Amino acid sequence: MRKILITGMPGSGKSRLIKEFLKFYSGRVTGILTEEIRENGKRVGFKIRDIQTGREKVLAHINFEGPQVSKYHVDINSLEEVAIPALSREADLYVIDEIGRMELFSEKFEEKVKELLTSKKDVLATLHRNYVDKYKNFGEVIILEKKYWDKVFKKVLEAFLGRK
């Protein structure tokens, strides 16, 4: 089974790569997507969305209480309410966008991620660059740079679509 972890600088297109990939993948997919929340053109937080059900909750916001990453405060309960069920369903592919500091405040989330990464299941994830050393032995880590986006996208497509 394939385990691909996409990492790179902010703005390199990690989440975009996942979303574009999902347009081509025809198997059963479950997992989570993380998206920005913007107000008046400024990022004020992030939401987490269940790929299968569309259920979403605010993961982190500048106006929340809780553990802090930069100016954002993380709602661990919301993360677990969306991510744990999404990553617990049976599927052909598990998508995790993202494995990063905000998400890793949750021990339950981290346990679920490690369970999937050590399983015989296909996993496609984005990985915050600060966690490469911690997760590099769980799968193939691909560093994404904007200028090589198309090349990396093609590699991910071939890795999963060429194995059906």
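Definitions and limits used
- Residues numbered from 1 in each chain as written.
- Predicted model: local features only at pLDDT ≥ 70, side-chain atom pairs only at ≥ 80, totals over all residues.
- Heavy atoms only, no water.
- Salt bridge = Lys/Arg side-chain N within 4 Å of Asp/Glu carboxyl O.
- Helix = DSSP H or I, 4+ residues; strand = E, 2+ residues; numbered from the N terminus.
- Buried < 20%, exposed > 50% of the residue type's maximum accessible area, 1.4 Å probe, protein only.
- Pairing = 2+ DSSP bridges.

Considerations on the pattern of salt bridges
Then, in step 1: Following the criterion strictly, the structure yields 17 salt bridges and no others.
Then, in step 2: The partner of Arg2 in a salt bridge is Glu140, and the shortest N-O contact between them spans 2.9 Å. Residue Arg2 is found in the segment before strand E1 (3-8), and its partner Glu140 is found in strand E9 (residues 140-144); the two are separated by 138 residues along the sequence.
Then, in step 3: We note a salt bridge from Arg28 to Asp92, for which the minimum N-O separation is 3.5 Å. Of this pair, Arg28 sits in the loop between helix H1 (14-24) and strand E2 (29-39) while Asp92 sits in the loop between helix H2 (76-88) and strand E7 (93-99), placing them 64 residues apart in sequence.
Then, in step 4: Relative accessible area serves as the criterion here: at 46%, Arg28 is assigned to the partly exposed category.
Then, in step 5: A relative accessible area of 30% means that Asp92 is categorised as partly exposed.
Then, in step 6: The structure contains a network of salt bridges with shared partners spanning Arg2, Glu140 and Lys155.

Focus on the pairing of E2
Then, in step 1: Of all 11 residues in E2, 8 are buried; the element is thus mostly enclosed.
Then, in step 2: As paired strands, E2 and E7 are joined by 4 bridges and run parallel to one another. From the neighbouring strand, Thr30 faces E7, where its bridge partner is Tyr94.
Then, in step 3: With 8 bridges joining them, E2 and strand E3 (residues 42-50) adopt antiparallel strand pairing. Bridge pairing in E3 links Arg38 to Arg43.
Then, in step 4: In sequence, E2 turns back onto E3 through a hairpin of 2 residues, with Asn40 there showing a positive phi of about 55°.

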